[in-house]
Amino acid sequence: ENGGAVYVGEGGFFNSVDTEWSSNSAIRGGVIYNNNGTVFFKGGYIYENQATNGGVIYNNGEDAVAILNVGFDGLRGEVLLHALETKGIYVSTGS
């Protein structure tokens, strides 16, 4: 139901470096459900994950999720940038 691959509980910590995440599914958080924990992504490849809410990450709470250098195959950076802005999430496609 929550977190197709990873569930991060309150006060928990999860760090993903250069990891491939594919074919995961859940109701909330196709890859990760973050319940007031801390999540870091650096590098990696994310594809074919599904969720009713939060296809990749569902962030429940105030703690931060940091994503550095992740690619989405077949998705232009500007499209992702604008979709995230509509949810109040601001990112950069450059360095």
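Since the structure is predicted, the reported quantities are computational estimates derived from the model, not experimental observations. (Residues numbered from 1 in each chain as written. Predicted model: local features only at pLDDT ≥ 70, side-chain atom pairs only at ≥ 80, totals over all residues. Heavy atoms only, no water.)

Visitor: Lay out the overall build of the protein chain with the relevant residues and their values.
Guide: What the protein chain contains, in helices and strands, is one helix and ten strands. The secondary structure elements of the protein chain, listed N-terminal to C-terminal, are β-β-β-β-β-β-β-β-β-β-α. Relative to its 95 residues, the protein chain shows a buried fraction of 25%. Of the contacts made within the protein chain by residues no fewer than 6 positions apart, 78% connect residues no fewer than 24 positions apart. Summing over all exposed atoms, the protein chain offers an accessible surface of approximately 6,000 Å²; the carbon and sulfur share of this is 47%. (Helix = DSSP H or I, 4+ residues; strand = E, 2+ residues; numbered from the N terminus. Buried < 20%, exposed > 50% of the residue type's maximum accessible area, 1.4 Å probe, protein only. Contact = heavy atoms within 4.5 Å. Areas by Shrake-Rupley, 256 points an atom, 1.4 Å probe, with all protein chains shown as cover.)

Visitor: How would you sum up the environment of Glu10? Please name residues and give values.
Guide: Relative to the helices and strands, Glu10 resides in the loop between strand S1 (6-8) and strand S2 (13-17). Linking Glu10 and Asn36, residues 26 residues apart in sequence, is a C-alpha distance of 4.6 Å. Residues within four places of Glu10 in sequence aside, it is in contact with Asn35 and Asn36.

Visitor: Can you tell me about the side chain of Asn35, naming the residues and giving the values?
Guide: Tracing the sequence through the fold places Asn35 in strand S5 (residues 32-35). Of the polar contacts made by the side chain of Asn35, one reaches the side chain of Asn60; its length is 3.0 Å. Dropping the residues within four chain positions of it, Asn35 is found in contact with Tyr7, Val8, Gly9, Glu10 and Asn60. (Polar contact = N/O pair within 3.5 Å; in protein donor to acceptor, adjacent residues only side chain to side chain.)

Visitor: Would you mind going over the nonpolar core in detail, with residue names and values included?
Guide: If you look at the biggest cluster of nonpolar residues, it comprises ten residues: Val6, Val8, Phe14, Trp21, Val31, Ile32, Val39, Phe41, Ile46 and Ile57. Elements supplying a minimum of two residues to this core: S1 and strand S6 (38-42). (Core = buried A, V, L, I, M, F, W, Y, C linked by side-chain atoms within 4.5 Å.)

Visitor: Provide a residue-level description of the packing of aromatic side chains, including the pertinent values.
Guide: The final tally for this structure, using the stated rule, is five aromatic pairs. Judged by centre distance (5.6 Å) and plane angle (50°), the rings of Phe13 and Phe40 are tilted. Remark: Phe40 occurs in strand S6 and Phe13 occurs in strand S2; sequence separation between them is 27 residues. Between Tyr33 and Tyr58, the aromatic rings sit 5.3 Å apart at their centres with planes inclined by 5°, giving stacked as the arrangement. One end of the pair, Tyr33, is in strand S5; the other, Tyr58, is in strand S9 (residues 57-60), with 25 residues separating them in the sequence. Each member of the aromatic cluster is reached from another via a ring pair, and the members are Tyr7, Tyr33 and Tyr58. (Phe/Tyr/Trp six-rings, centres within 6.5 Å; stacked < 30°, edge-to-face > 60°.)

Visitor: Give a detailed account of the sheet that holds S5, specifying residues and quantitative values.
Guide: Spatial strand order, S1-S5-S9: three strands in an open sheet with parallel pairing. With one partner strand each, in any of the chains shown, S1 and S9 form the two edges of the open sheet. Along the sheet, successive strands turn relative to each other by an average axial angle of 10°, direction set aside. Two strands pair when backbone bridges link them, and S5 and S9 are joined in this way by four bridges, in the parallel orientation. Within the sheet, the bridge partner assigned to Tyr33 lies in S9 and is Tyr58. (Pairing = 2+ DSSP bridges. Axes fitted to C-alpha atoms, helices over the stretch in contact; angles between N-to-C directions.)

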